[in-house]
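Spelled out, the chains give:
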Amino acid sequence: MTTTVIYDVKGMTCGHCVRAVTGELERLDGVTTVDVDLQTGRVTVTSDAPLPDEAVRDAVDEAGYELAS
Ligand SMILES: [Cu+2]
């Protein structure tokens, strides 16, 4: 079942940040697309199955940013 969730990521300021976050999230099992809106910090992640919150949080952390809320 395809799932789309929008996350708020703090601290992204440029295209490099976008690529870092996108790259880490794309490595998660089942993720098909990652779309980052730099202006708003909104990250839209589509996956084949629901993603564990913890996995998403760790991936964003790994990229060097922070998941809001
Ligand atoms: Cu940057």
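Before reading further, recall that the structure is shown in the block above.
This write-up is about the structure you can find in this document. Here the structure is a predicted model, which is why all the values come from computation and not from measurement.

### Focus: the side chain of T22
- Tracing the sequence through the fold places T22 in helix α1 (residues 15-26).
- At a separation of 2.7 Å, a polar atom in the side chain of T22 contacts the main-chain carbonyl oxygen of V18.
- Those residues in contact with T22, other than ones at most four positions away along the chain, are V34 and V36.

### Quick word on the pattern of salt bridges
- Counted according to the given criterion, the structure contains three salt bridges.
- With a shortest N-O distance of 3.8 Å, D8 and R42 are connected by a salt bridge. You can see D8 sitting in strand β1 (residues 3-10) and its partner R42 sitting in strand β3 (residues 42-47), a full 34 residues away along the chain.
- A salt bridge links K10 to E66; the nearest nitrogen and oxygen atoms lie 3.8 Å apart. Linking K10 in strand β1 with E66 in strand β4 (residues 66-67), this pair joins segments that are 56 residues apart in sequence.

### Concerning the nonpolar core
- With 20 residues, the main nonpolar core has M12, L25, V43, V56 and Y65 as its most contacted residues.
- Listing elements by their share of this core, those giving two or more residues are β1, α1, β2 (31-37), β3 and α2 (53-63).

### Examining a negative patch on the surface
- Residues D53, E54, D58, D61 and E62 make up a contiguous surface patch of negative charge.
- Here E62 shows up in helix α2.
- Residue class for E62 comes out exposed when judged on its relative accessible area of 58%.

### Concerning the coordination of the copper ion
- Coordination sphere of the copper ion, protein contribution only: C14 (SG) and C17 (SG), at 2.0 to 2.1 Å.
- For C17, a relative accessible area of 5% translates into the label buried.

### Looking at the pairing of β1
- Inspection of the sheet shows β1 paired to β3 by six bridges, in the antiparallel sense. When the bridges of β3 are listed, I6 appears paired with T44.
- Where β1 meets β4, two bridges bridge the pair, whose relative direction is antiparallel. Bridge pairing in β4 links K10 to E66.

About the criteria used
- Residues numbered from 1 in each chain as written.
- Predicted model: local features only at pLDDT ≥ 70, side-chain atom pairs only at ≥ 80, totals over all residues.
- Heavy atoms only, no water.
- Helix = DSSP H or I, 4+ residues; strand = E, 2+ residues; numbered from the N terminus.
- Polar contact = N/O pair within 3.5 Å; in protein donor to acceptor, adjacent residues only side chain to side chain.
- Contact = heavy atoms within 4.5 Å.
- Salt bridge = Lys/Arg side-chain N within 4 Å of Asp/Glu carboxyl O.
- Core = buried A, V, L, I, M, F, W, Y, C linked by side-chain atoms within 4.5 Å.
- Buried < 20%, exposed > 50% of the residue type's maximum accessible area, 1.4 Å probe, protein only.
- Patch = residues over 30% accessible without salt bridge, like charges linked within 9 Å, V, L, I, M, F, W, Y side chains within 5 Å.
- Areas by Shrake-Rupley, 256 points an atom, 1.4 Å probe, with all protein chains shown as cover.
- Lys, Arg positive; Asp, Glu negative; His and termini not counted.
- Charge placed at Lys NZ, Arg CZ, Asp CG, Glu CD.
- Donors = N, O, S within 2.8 Å, 3.2 Å for Na, K, Ca; no water.
- Pairing = 2+ DSSP bridges.

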